[in-house]
Each structure stands twice: as structure tokens, then as C-alpha cells.
Amino acid sequence: MSTSRHFGFLGLGNMGLPMARRLLAAGHALTVWNRNAGRAAELVAAGANLAGTPAQVLQAADVVGICVKDGAAVESVAFGPDGLASAGRQGAGKVVIDFSTIEPGQARDFGRRLRDRTGASWLDAPVSGGVPGAEGGTLICFVGGEATDLEKAGPFLAPLTSRVTHMGPAGAGQTTKICNQMIVAVNVLTIAETYGLARRAGVDVERLAPALAGGFADSQPLQIFGPAMAAGRFQPTRTAVELMAKDIGISQRMAAEFDARTPVSAFCSGLYEQVREHEPEVFMGDVAGLVRRYE
């Protein structure tokens, strides 16, 4: 594949690192940046360039991806000291794709500000599929922004995704991702309650997910988290639970903004916040670990 287009990537966490790997494997020239530069070592060894600042990435690349924790992290990367905006008009005509999950209003604001300061376009393009999707290039991507910018970003997205849907103007991608997260968050808590009830009733919970496979109750969360709940596998990493709490919290702020009734999601959001406040040690586990105390 031609390497005539130069790509950039900011944020080499659990999702960003395998996404950057795939861009390199597809034959693209790649410049990367991460707050902890050590995370880039394997990419540099494989041929990537390591930038000292986010601004240097935008100066070098035609299309730049961002994948960081939350809106505050995105704002820091884009507008903090040496952030993307510091590249000035060297960003003109380029496209920044934010894969992070943030508030739709933030996506619109960041896009306007970056365009005003650099001339670069912004796509909010959160993804679903988790680390396995990032590793396999099968992420599902929801995009908000201009169709012409999405067309420019096509070669960047191709090695990373199995489906890209243009959802509408700026912020529409983030809104779609929050809808996705509402369904997932409620589903995971219901699965946890189901496993707790089944265990107390004497059912072999290791058989539960296989038994329900293919029926109306089946889902990817059931098949992923159900066996983990059955086996008591809770990894000591501060990842999925904290992010889910953030995302379901965004849904509730959106519900208030648009006067939408979301009583089920509101209850789940309250439960996540209760765990965050009173049982912070649970947040050292993954999503399945959230409900360990409620079985």
C-alpha cells in the first residue's frame, strides 16, 4: 500500500496502541505521541516517528487520530501547551479524528476552536468493539462532521474499522456512542443480577451464557462478561468500569439538556456513582467486577 499519505496518532493506551499498530501494518507512514513516551517504543521500533508534542504530529501528518480517556484529556491534547492548536496554520486542510468518547457539545466546541486556530477539520468518531476490535481492525465507528472530511479520512479508518456510519453533523457521532453506552451499561448490570440470582438458586452459572446463546436474551456483553462473572475473573485494572460510569453520566446530562425521560439509565448511573463513591476499590476491576458486591 502506498505510504504517500502521512498519518498521526495521539494516545497509545489500551485502544490507541493496537490502532496505531494496524496503521503501521497497513504500510502507512506514522507519527505518534503519547504522554508517556515509553508506550511508543514498539511502534518506533517498527518504523513510526515519535513526536515530542501533539502540535508536531499535526505538522507532520495529513490525518491525525486521537484516542484518550475523556473530554478533559482531549482538550489538553488539542489546546493545552504544545497541543494541536499550537501548530497554527500548518494544520490547514488536515483532518483530526477523535475516537474518544466525550460529550457531544465538547466535540462541537473543540471542532470550532481547532478550525479557527489551525484550519484543520474535526470529526467526532467514537468507536465500539473494545480492545479486541482495535486489535482486529473490526471497530464500529460512528462519525459526526462533514462528509467531505470523512472522505479524506477514509484511508485512515480502513485498517481500523469494519463499519463506518456517518451519523450527521458535528456531535452526532458522540450522541450515537452515548446511546450505545446506555444500552451496554444497563445490559451489563442486568447480566450481573441474573448471575447472582442463578447462583443463589443453585444453577451452574458456567452453563448460563451457553444456554442463552442464540435466544432473545443473548448479546455480546452476555457472552463476554457472563463467563467472567461465572468464573470470578476480575482483573485489577482501572479501565472499563470507570469509563462506563463516565459515559452513562454523560447520558444523564444529555437527558436533562433535552428533557428526555431515561429512568432506567438514571438508576444505573446512580448505581455506578454509588460504587464510585463508597466502594472505590471495585473500580480496580473490570466491568464485571462492578457487581461482585451485589450478587
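Rules used throughout
Residues numbered from 1 in each chain as written. Predicted model: local features only at pLDDT ≥ 70, side-chain atom pairs only at ≥ 80, totals over all residues. Heavy atoms only, no water. Salt bridge = Lys/Arg side-chain N within 4 Å of Asp/Glu carboxyl O. Helix = DSSP H or I, 4+ residues; strand = E, 2+ residues; numbered from the N terminus. Buried < 20%, exposed > 50% of the residue type's maximum accessible area, 1.4 Å probe, protein only. Contact = heavy atoms within 4.5 Å. Core = buried A, V, L, I, M, F, W, Y, C linked by side-chain atoms within 4.5 Å.

J.: So what exactly am I meant to see when it comes to the pattern of salt bridges here?
T.: Following the criterion strictly, the structure yields 7 salt bridges and no others. Note that K69 is salt-bridged to E242, the shortest N-O span being 2.7 Å. Note that K69 is positioned in the loop between β4 (63–66) and α4 (71–79) and E242 in helix α11 (residues 240–257), a separation of 173 residues in sequence. Since its relative accessible area comes to 45%, K69 is described here as partly exposed. D247 is paired through a salt bridge with K246; the nearest N and O atoms lie 2.6 Å apart. One exposure class covers both D247 and K246, and it is buried.

J.: Can you walk me through the side chain of Q252 in this structure?
T.: Within the fold, Q252 resides in helix α11. Residues contacting Q252, with those up to four places away along its chain left out, are T262, S265, A266 and S269.

J.: Hey, could you run me through the nonpolar core in this one?
T.: A general tendency of soluble globular proteins is for nonpolar side chains to be buried together. Grouped together as the largest cluster of nonpolar side chains are 31 residues, with contacts concentrated most on F9, M19, L30, I97, F99 and F156. Mapped by element, the contributors of at least two residues to this core are β1 (6–10), α1 (16–25), β2 (29–33), β5 (95–98), β8 (139–144) and α7 (147–157). Looking at which element gives the most residues to this core, the answer is α1, with 5 residues. Setting aside chain neighbours within four positions, we find F99 in contact with F9, M19, G65, I66, C67, A125, P126, V127, F156, L157 and L160.

Note that every value here comes from positions in space, so none of it alone points to a role or purpose.
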